[in-house]
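Coordinate analysis (summary)
Spelled out, the chains give:
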Amino acid sequence: MPDLLDSTEVAKAVTDACGNDALCKQVFVWTGNQWLANSSYVIVIKPLRVIAIILIAILVRWLLHRAISRLAASTSRAAMPALLRPLKEKATTAEEGQFIPERRRQRAEAIGSVLRNFVSALVFTMAALLLLSEFGFDLAPLLASAGIVGVAIGFGAQSLVKDLIAGLFMLLEDQYGVGDTVDLGEATGVVESVGLRITTVRDSRGVLWYIRNGEIVRVGNKSQGWAMVVIDIPIGFVASEEAVAVLRRAAELVATSAEHATEFIEPPDVVGVEQLTVDGAVIRTIAKTSADSQGVVQRELRRALTEAMDVSGLSERIAASRLGPRAAVPPPWYTGPENSSPSMDEPRPDGSI
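Calculation notes
- Residues numbered from 1 in each chain as written.
- Predicted model: local features only at pLDDT ≥ 70, side-chain atom pairs only at ≥ 80, totals over all residues.
- Heavy atoms only, no water.
- Helix = DSSP H or I, 4+ residues; strand = E, 2+ residues; numbered from the N terminus.
- Buried < 20%, exposed > 50% of the residue type's maximum accessible area, 1.4 Å probe, protein only.
- Contact = heavy atoms within 4.5 Å.
- Areas by Shrake-Rupley, 256 points an atom, 1.4 Å probe, with all protein chains shown as cover.
- Polar contact = N/O pair within 3.5 Å; in protein donor to acceptor, adjacent residues only side chain to side chain.
- Phe/Tyr/Trp six-rings, centres within 6.5 Å; stacked < 30°, edge-to-face > 60°.
- Lys NZ or Arg CZ within 6 Å of the ring centre and 35° of its normal.
- Pairing = 2+ DSSP bridges.
- Axes fitted to C-alpha atoms, helices over the stretch in contact; angles between N-to-C directions.
- Patch = residues over 30% accessible without salt bridge, like charges linked within 9 Å, V, L, I, M, F, W, Y side chains within 5 Å.
- Salt bridge = Lys/Arg side-chain N within 4 Å of Asp/Glu carboxyl O.
- pLDDT = per-residue confidence, 0-100.
- Core = buried A, V, L, I, M, F, W, Y, C linked by side-chain atoms within 4.5 Å.
- Parallel < 35°, antiparallel > 145°, perpendicular 65-115°, else oblique.
- Left-handed = near helix turned anticlockwise from the far one by under 90°.
- Nonpolar A, V, L, I, M, F, W, Y, C, P; charged D, E, K, R; others polar.
- Lys, Arg positive; Asp, Glu negative; His and termini not counted.

Brief notes about the overall build of the chain
When you go through the chain residue by residue, the secondary structure sums to 11 helices and eight strands. Looking at the 353 residues of the chain, the share that counts as buried comes to 30%. Taking all contacts inside the chain whose residues are at least 6 apart in sequence as the whole, residues at least 24 apart take part in 56%. Taken as a whole, the chain presents about 22,600 Å² of accessible surface, with 62% of it coming from carbon and sulfur.

In structure tokens form, the structure reads like this:
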């Protein structure tokens, strides 16, 4: 009977000390210390919950980083299906296509880095808020203050946010990359570095331009896909059919040469008379090439077409068909007919021309 009373008294003491808290009751039974039993939640549960929040945040961050890295790696593989590739990559030659995986890899790594940093900031921010809640901080005033501060920063840093968002979309859309020749309006040249806020371009005179991404309204990329070479050659008043035949043979020789055959996407074409001027007809030659080869092909075609015109004798006939310019008003020393003017090579009375 006394043992039963003792157990009843112990149970009543435990209930009085801990109420319905199972952990508190168990600690009180083990230690008999009411303070330790009442503090069991803070001593045991709180640290475990804090550790669990930290571990879960680290695990979630690792899983998201792994997913982003795998996505970036799969995007940069060369064996991507043609349906998933950008349209500008489908029209390239095999030789140019060898450089596309490297460009895609750099872009994927840049985007992956941005996404990983964003994920880390988001996960750790949420974890920090949960930890503050565990320590008894009231998050409502904190979140309200953070909202006010965010609005103030947003108004004060509008240009910065604009630059960052524009840089992110520029990377996502692959508008340009390092090594591309671009026209950004005020600056035209080769891209040396691309960031979320600043793009640096070096022009033909060696000037390095720092351009904020938010200030870029239009982009003309001269290094993506293909380019068109357009060459206009005046032929005077010689027969256009003969000139077209000579120019077409010269262009075909350049396109079939071993040195330049891989630079053409489509064979060159002499389209015929493009315009008529007071000096005669102008013949246009066009060629579709890879973007990086445009300058080389254009110079080679000009050289070949000029030599073909010279070898065929058309250059001499063009020069002979042109009349020398005459003065609008006869000079004082001219004694010829009233309604005519002297030619430029007619000698003056003193013997000069």
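Things to note about the side chain of asparagine 221
With respect to the helices and strands, the residue asparagine 221 is situated in strand β5 (residues 220–221). For asparagine 221, a relative accessible area of 19% gives the class buried. Within the structure, asparagine 221 has its side chain in polar contact with the backbone oxygen of glutamine 175 (distance 2.9 Å). Looking at asparagine 221, its side chain comes within polar contact range of the main-chain nitrogen of serine 223, at 2.8 Å.

Looking at the packing of aromatic side chains
The full count for this structure, using the stated rule, is zero aromatic pairs. A cation sits over an aromatic face here: lysine 288 above tryptophan 226, 4.2 Å from the ring centre.

Some words on the sheet that holds strand β8 (residues 280–290)
Spatially, the three strands line up as an open sheet ordered β6-β8-β7, and their pairing is antiparallel. Edge positions in the sheet fall to β6 (226–236) and β7 (264–277), since each of these pairs with one other strand and no more. Pairs of neighbouring strands in the sheet enclose a mean axial angle of 20°, with direction left out of account. Those strands touched by helix α10 (residues 294–311) are β6, β7 and β8, and its axis lies near 20° from that of β6.

Focus: a nonpolar patch on the surface
Together, Val161, Ile165, Phe169 and Leu172 make up an exposed nonpolar region whose accessible area comes to about 350 Å². Locating valine 161 in the fold gives a position in helix α8 (residues 158–173).

Section: the confidence of the model for the chain
Considering every residue of the chain, the mean pLDDT works out to 75; 69% of them sit at 70 or more. When mean pLDDT is compared element by element in the chain, strand β4 (residues 208–212) scores highest at 92, while helix α5 (residues 94–97) scores lowest at 42. Throughout residues 1–5 the model reports pLDDT below 50, and contacts reaching past four residues in sequence, or to other chains, amount to zero contacts.

Observations regarding the sheet that holds β4
Where strands meet in a sheet, backbone hydrogen bonds hold them as pairs that are either parallel or antiparallel. Sheet architecture is open: five strands sit in the order β4-β3-β2-β1-β5, paired in antiparallel fashion. The open sheet has two edge strands with one neighbour each: β4 and β5. Relative to strand β3 (residues 198–203), strand β2 (residues 188–194) is paired through five bridges, and the arrangement is antiparallel. The residue of β3 that forms the bridge with valine 190 is arginine 202.

Some details on the nonpolar core
Counting 26 residues, the largest nonpolar core has Ile235, Leu247, Leu301 and Met309 as the members making the most contacts within it. Counting only elements with at least two residues in this core, the list comes to β6, α9 (240–256), β7, β8, α10 and α11 (314–321). For this core, the leading source of residues is α9, giving eight residues.

Section: the pattern of salt bridges
If you walk through the whole model with that rule in mind, you get 10 salt bridges. The closest approach of N and O atoms between arginine 218 and aspartate 183, which form a salt bridge, is 3.7 Å. A residue pair is termed long-range when its members are at least 10 positions apart, and arginine 218 in the loop between β4 and β5 and aspartate 183 in strand β1 (residues 181–183) qualify at 35 residues. Here arginine 218 falls in the partly exposed class, since its relative accessible area comes to 47%. For aspartate 183, a relative accessible area of 21% corresponds to the partly exposed category. In this structure, aspartate 232 engages arginine 284 in a salt bridge whose closest nitrogen and oxygen atoms are separated by 2.7 Å. Taken together, the residues span a long stretch of sequence, with aspartate 232 in strand β6 and arginine 284 in strand β8 at a distance of 52 residues. According to the relative accessible area criterion, arginine 284 is partly exposed, its value standing at 24%. If you follow the salt bridges from partner to partner, you end up with Asp163, Arg212 and Glu215 in one network.

Some words on the environment of glutamate 192
The topology assignment puts glutamate 192 in strand β2. C-alpha of glutamate 192 to C-alpha of glycine 179: the two residues are 13 residues apart in sequence and 6.2 Å apart in space. With near-sequence residues (within four places) excluded, glutamate 192 lies in contact with Val178, Thr200, Arg202 and Leu208.

Thoughts on the packing of α9 against α10
Angle between the axes and distance between the axes: these two values describe a pair of packed helices. At a minimum axis distance of 9 Å, the contact between α9 and α10 shows a crossing angle of 140°. The angle between α9 and α10 falls in the class oblique. Crossing geometry of α9 relative to α10 is assigned as right-handed. Residue-level inspection shows Val246, Leu247, Ala250, Ala251 and Val254 of α9 in contact with α10, the latter providing Glu300, Leu301, Ala304, Leu305, Ala308 and Met309. Across the contact of α9 with α10, the residue classes break down as 10 nonpolar, no polar and one charged.

Things to note about the side chain of glutamate 263
Residue position: glutamate 263 is located in the loop between α9 and β7. Here glutamate 263 sits buried without a salt bridge, and the closest side chain of opposite charge, arginine 299, lies 9.0 Å off (N-O distance). Polar side-chain contacts of glutamate 263 include one of 2.9 Å to the side chain of histidine 260. Once you skip the residues sitting within four places of it in the chain, glutamate 263 turns out to touch Thr289, Ser290, Ser293, Val296 and Val297.

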